[in-house]
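So you can see what is in the structure, the chains are spelled out below.
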Amino acid sequence: VQLQASGGGLVRAGGSLRLSCAASGSDFSRYTMAWFRQAPGKERLFVAGISWSGISTNYADSVKGRFTVSRDNAKNTVYLQMNTLKPEDTAVYYCAARYSIAEGVNSMGTFYTYWGQGTQVTVSS
């Protein structure tokens, strides 16, 4: 599986962005998908994820109520809608995938097998 993240950019605080992660290969609908982010000089952190079925989602406390993860299995794409952005949301955002038909979404980076190249999100104050 190859992952291609896009949709990053520069936005003012309070604004919105939608990230997309397009996956190549087959069986996308059987993959748990997640978003992580890494700010300069900091560790990579879990942001949000969605199970293969779309039934289960998981969010970091810092983004709950502001970010929404979704997927379109017909398009082999997972999305991260980011609203009410804050300067502290500034980071490189990565999508990740793991073949898994279990419900629930693991927030550990080591769980995921495939990673995209990242897209920069910069939120100005």
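Look a little higher up for the structure.
Residues numbered from 1 in each chain as written. Predicted model: local features only at pLDDT ≥ 70, side-chain atom pairs only at ≥ 80, totals over all residues. Heavy atoms only, no water.

In this structure, what is going on with the pattern of salt bridges? I would like to understand it.
Opposite charge on two side chains lets them pair, provided their charged atoms get close. Throughout the structure, instances matching the rule amount to three salt bridges. For Asp-89, the salt bridge identified is with Arg-37, shortest N-O distance 2.9 Å. Here Asp-89 is found in the loop between β8 (77-82) and β9 (91-99), whereas its partner Arg-37 is found in strand β4 (residues 31-38), with 52 residues between them in sequence. In this structure, Asp-61 engages Lys-64 in a salt bridge whose closest nitrogen and oxygen atoms are separated by 3.2 Å. Where salt bridges share partners, they join Arg-37, Arg-66 and Asp-89 into one cluster. (Salt bridge = Lys/Arg side-chain N within 4 Å of Asp/Glu carboxyl O. Helix = DSSP H or I, 4+ residues; strand = E, 2+ residues; numbered from the N terminus.)

I tried to follow the state of the cysteines on my own but got confused; where do I start?
Throughout this description, disulfide means a covalent bond between two cysteine sulfur atoms. Evaluation of the coordinates by the stated rule reveals one disulfide. Shown here is the disulfide that connects Cys-21 with Cys-95, its sulfur atoms set 2.1 Å apart. Note on the Cys-21 and Cys-95 pair: the S-S dihedral is about 60 degrees, so by sign convention the disulfide is right-handed. In this pair, Cys-21 sits in strand β3 (residues 17-23) while Cys-95 sits in strand β9, placing the two residues 74 residues apart along the sequence. Here Cys-21 matches Cys-95 in class, with each residue buried. (Disulfide = S-S within 2.5 Å. Buried < 20%, exposed > 50% of the residue type's maximum accessible area, 1.4 Å probe, protein only.)

In this structure, what is going on with the layout of surface pockets? I would like to understand it.
A water-sized probe rolled over the atoms picks out the places where empty space is left. The computed volume of the largest pocket comes to approximately 200 Å³. Taken together, 13 residues make up the lining of the largest pocket; nearest its centre are Arg-37, Ala-39, Lys-42, Leu-45 and Glu-88. Of all the secondary structure elements, the ones that give two or more residues to the lining of the largest pocket are β4 and β5 (45-50). (1 Å grid on protein atoms, 1.4 Å probe; cavity = no way out; pocket = protein on both sides within 12 Å on 5 of 7 lines; lining within 4 Å. Points joined across faces, edges and corners; volume = space filled by probe spheres on them.)

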